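Analysis of the macromolecular model
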Amino acid sequence: MSSHPELLEELLHPVCIQVRLDNTVSSWEGNPDFYNLPTDTIQGRDITDFLPCLFGLEEHRDTRFLYVNLSDSLTADIHIHWNDNGYEVLILDSSERRSAQQETQQVANELGL
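This one's a predicted model, so the numbers in the text were calculated from it and none came from an experiment. (Residues numbered from 1 in each chain as written. Predicted model: local features only at pLDDT ≥ 70, side-chain atom pairs only at ≥ 80, totals over all residues. Heavy atoms only, no water.)

This part is about the sheet that holds strand 3 (residues 63-71). As summarised here, the arrangement of the five strands in space is 2-1-5-4-3, forming an open sheet in which the pairing is antiparallel. Two strands in the sheet have a free side with no partner beyond their single neighbour: strand 2 (25-30) and strand 3. For this sheet, the mean inter-axis angle between neighbouring strands, taken without regard to orientation, is 20 degrees. (Pairing = 2+ DSSP bridges. Helix = DSSP H or I, 4+ residues; strand = E, 2+ residues; numbered from the N terminus. Axes fitted to C-alpha atoms, helices over the stretch in contact; angles between N-to-C directions.)

Pasting the structure below:
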């Protein structure tokens, strides 16, 4: 894969959200609009208001969630990395990868019949 940041942005649509220990968003980078996140009101809000899969995170334990359905047509991988001030949430588009995996599973199922 190319190391060009533009290609990675085009393929994965990365968004990085900085979250305080009290679960409120302090800042973000990237384009949250791609994931239908409320860009106009995201700062200062509890992140679980718009990413409920993060509710009840085990503090100071790096975590990842694969193939999180954010809408009918949008799937993302969500990575959590803890630091001294809270944690970072990295969101990466996995819609195409998920679709390819489902197609492969369907073919395997049909061959097994």
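Moving on from the coordinates now.
Glancing now at the nonpolar core. Ile17, Ile47, Leu51, Val89 and Ile91 are the most contacted members of the largest nonpolar core, which has 21 residues in total. At five residues, strand 4 (residues 74-83) tops the list of elements feeding residues into this core. Leave out the neighbours within four places in its chain, and Ile17 touches Val25, Ser27, Trp28, Leu37, Ile42, Ile47, Tyr87, Glu88, Val89 and Ile91. (Core = buried A, V, L, I, M, F, W, Y, C linked by side-chain atoms within 4.5 Å. Buried < 20%, exposed > 50% of the residue type's maximum accessible area, 1.4 Å probe, protein only. Contact = heavy atoms within 4.5 Å.)

What follows concerns the side chain of Ser95. Checked against the element boundaries, Ser95 lands in helix 2 (residues 95-112). A distance of 2.9 Å separates a polar side-chain atom of Ser95 from the backbone nitrogen of Thr75. A polar side-chain atom of Ser95 sits 2.8 Å from a polar atom in the side chain of Asp93. Setting aside its immediate chain neighbours within four residues, Ser95 contacts Ser73, Leu74 and Thr75. (Polar contact = N/O pair within 3.5 Å; in protein donor to acceptor, adjacent residues only side chain to side chain.)

Turning our eyes to something else, we now look at the packing of aromatic side chains. The tally for this structure, following the rule as stated, stands at two aromatic pairs. When the centroid spacing of 5.0 Å and the interplanar angle of 85 degrees are considered together, the rings of Phe34 and Tyr35 count as edge-to-face. Under the relative-accessibility criterion, Tyr35 is labelled buried at 3%. The interplanar angle of 50 degrees and the centroid separation of 4.6 Å between the aromatic rings of Trp82 and Tyr87 together place this pair among those described as tilted. For Trp82, a relative accessible area of 12% corresponds to the buried category. (Phe/Tyr/Trp six-rings, centres within 6.5 Å; stacked < 30°, edge-to-face > 60°.)

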